[in-house]
Each structure stands twice: as structure tokens, then as C-alpha cells.
Amino acid sequence: MAMNSDEVHGLNGDMSVQSTHTNGNALTTPVKSDSACCANGDAVFQTPKQNGTSRRSPTKTFSFTAEPTIEDIRRMQAEFTDERDWNQFHQPRNLLLAMVGEVGEVSELFQWRGEVAEGLPNWTASEREHLAHELSDVLIYLVELAEKCHIDLPQAVLRKMAVNRLKYPASKVHGSAKKYTEYND
Ligand SMILES: Nc1ccn([C@H]2C[C@H](O)[C@@H](COP(=O)(O)OP(=O)(O)OP(=O)(O)O)O2)c(=O)n1
């Protein structure tokens, strides 16, 4: 079980981070992810109307920093496990189970809340940081699982996205959440 998040997690406000790269170094500058912000630091995402239809905007206003890359994460985790002689425990099956356990911890944070709005406007800074930790645990184990299975994850993602585009042509599925198998043509 997770510890009390107030005890173990930071109290960062809802900051997105922009990065600038100079000589390969990431310079990070916290900025508010949107112009509208709540008193508790949570961002409110604005949803502009386009052609009378409500369109999603957060992905345009929130973005990740460029680093660390997935390869950086793989290398840092490899160093972490090497330093502890933990490679002996980190076989694919164990990593899979560890990752699924962490997914369960993410689920716990959403449990019983009902639907949660994008940007998590009603979450405390401590809850958000707790979520950041648990999502990171999932990613760390996912990256190491891919490494131990010799799956080049960044390239695999590109290939899978190409497959997704073929399976779900925008012109065909626009506005529909149906599974590709539900189309009759
Ligand atoms: N054998 C292990 C144990 C931990 N970790 C690393 C990867 C994860 O990012 C994190 C997981 O640590 P915990 O198992 O302590 O899980 P939590 O951090 O989620 O703690 P809690 O379950 O108390 O929330 O530490 C690891 O690589 N190998």
C-alpha cells in the first residue's frame, strides 16, 4: 500500500514545464499550463469552440519536456538496479508483475472519485504528486520490461502508431469510439 501522500510526496503546484536546449542541456522553466488558474494552483483548461463543436485543447497547451528520453530512462534504471545488484530479480515476468502492481496503485488514486476532469482541477497538489510518482513507477517498469524483452520501445511505438492510423483512418472513424472490428466494410 502507498504511504500517506502528504508525508512522502512533494507539494508542487500544477506546473507544466517548457524546456530549452543549449549545448545539450535541458533548461527547465516552470510555467503555468494555461492562463486560467485556480487559487490552489490547479490549471483550468479552456475548451474553445470550433465550427460549433466543442474541441479538446489541453494537448495543445500541455506538453512534456524533451528529456529524459526513453533511452535515458532505460539507462538510469539500469544504473539503479546495477548499483543494488537487483538485476537478478528483474526478469521479464517479475517486471511485468511489478508494472501491473503499479498500475493498480494508479487505479487506487482514481477509485471512487467518479469521472475526473482533464487536468485534474479538483486534485490537491499532494494528490497530483502522488499520481506523478505512481505513473512514473509504471513507466520505469515498462521501459525496463521492454529492455529485458529486447523491444526497442521508441521504434516500436512508431510502428504501432502507423498500424493504428491504418486501422483507424480519420476520415472513416472521426467522432466515433467504435472498435475497428465493429465496422462492416
Ligand atoms: N525491486 C525493485 C524495487 C523498486 N524499484 C523501483 C522502481 C519503481 O519506480 C519503484 C518501486 O518501489 P516500491 O516497490 O517501493 O513501490 P512504490 O514506490 O510504489 O511504494 P509504495 O508501494 O509504498 O507506494 O522503485 C525497482 O526498480 N526494483
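Residues numbered from 1 in each chain as written. Predicted model: local features only at pLDDT ≥ 70, side-chain atom pairs only at ≥ 80, totals over all residues. Heavy atoms only, no water.

- Identification of the protein as dCTP pyrophosphatase 1 from Esox lucius is taken from an unreviewed UniProt entry.
- Under the heading Function (unreviewed entry), UniProt records this for the protein: "Hydrolyzes deoxynucleoside triphosphates (dNTPs) to the corresponding nucleoside monophosphates. Has a strong preference for dCTP and its analogs including 5-iodo-dCTP and 5-methyl-dCTP for which it may even have a higher efficiency. May protect DNA or RNA against the incorporation of these genotoxic nucleotide analogs through their catabolism."
- The protein has a UniProt comment under Subcellular location (unreviewed entry) that states "Cytoplasm, Cytosol". (UniProt positions renumbered as here; feature names shortened; annotations may be inferred.)

**Quick look at the site of the ligand**
Turning to step 1, where the next piece is worked out: Lining the immediate surroundings of the ligand are 12 residues, of which Gln77, His90, Glu102, Glu105 and Asp137 lie closest.
Turning to step 2, where the next piece is worked out: Interatomic distance of 3.0 Å between a side-chain N/O atom of His90 and a nitrogen atom of the ligand.
Turning to step 3, where the next piece is worked out: Within the contact set of the ligand, an oxygen atom lies 3.4 Å away from a side-chain nitrogen or oxygen of Glu134.
Turning to step 4, where the next piece is worked out: Across the complex, the protein chains shield 63% of the 580 Å² of accessible surface that the ligand would expose by itself.
Turning to step 5, where the next piece is worked out: Those elements that place two or more of their residues in the shell around the ligand are helix 3 (70-83), helix 4 (92-110) and helix 5 (125-148).
Turning to step 6, where the next piece is worked out: Of the residues belonging to the shell around the ligand, the class tally is six nonpolar, two polar and four charged. (Near = heavy atom within 4 Å. Polar contact = N/O pair within 3.5 Å; in protein donor to acceptor, adjacent residues only side chain to side chain. Areas by Shrake-Rupley, 256 points an atom, 1.4 Å probe, with all protein chains shown as cover. Helix = DSSP H or I, 4+ residues; strand = E, 2+ residues; numbered from the N terminus. Nonpolar A, V, L, I, M, F, W, Y, C, P; charged D, E, K, R; others polar.)

**Re the side chain of Glu102**
Turning to step 1, where the next piece is worked out: As for its placement among the helices and strands, Glu102 is situated in helix 4.
Turning to step 2, where the next piece is worked out: For Glu102, the contacting residues outside a window of four places in its chain are Glu134, Asp137, Val138 and Tyr141. (Contact = heavy atoms within 4.5 Å.)

**Concerning unusual backbone geometry**
Turning to step 1, where the next piece is worked out: With omega at 5°, the peptide bond leading from Glu67 into Pro68 counts as cis.
Turning to step 2, where the next piece is worked out: By secondary structure assignment, the location of Pro68 is in the loop between helix 2 (58-61) and helix 3.
Turning to step 3, where the next piece is worked out: Phi angles above zero are rare outside glycine, and Asp85 is one such case at about 55°.
Turning to step 4, where the next piece is worked out: Turning to its location among the elements, Asp85 is positioned in the loop between helix 3 and helix 4.

**Quick word on the packing of aromatic side chains**
Turning to step 1, where the next piece is worked out: Following the criterion strictly, the structure yields four aromatic pairs and no others.
Turning to step 2, where the next piece is worked out: Consider the rings of Phe62 and Phe64, whose centres lie 6.0 Å apart with planes at 85°: the pair is edge-to-face.
Turning to step 3, where the next piece is worked out: Of the residues examined, Phe62 reaches a relative accessible area of 34% and is grouped as partly exposed.
Turning to step 4, where the next piece is worked out: According to the relative accessible area criterion, Phe64 is exposed, its value standing at 71%.
Turning to step 5, where the next piece is worked out: Geometry around Trp123 places Arg113 over its ring, the cationic atom sitting 4.0 Å from the centre.
Turning to step 6, where the next piece is worked out: Across the ring face of Tyr183, the terminal group of Lys178 is positioned such that the distance to the ring centre comes to 4.6 Å. (Phe/Tyr/Trp six-rings, centres within 6.5 Å; stacked < 30°, edge-to-face > 60°. Buried < 20%, exposed > 50% of the residue type's maximum accessible area, 1.4 Å probe, protein only. Lys NZ or Arg CZ within 6 Å of the ring centre and 35° of its normal.)

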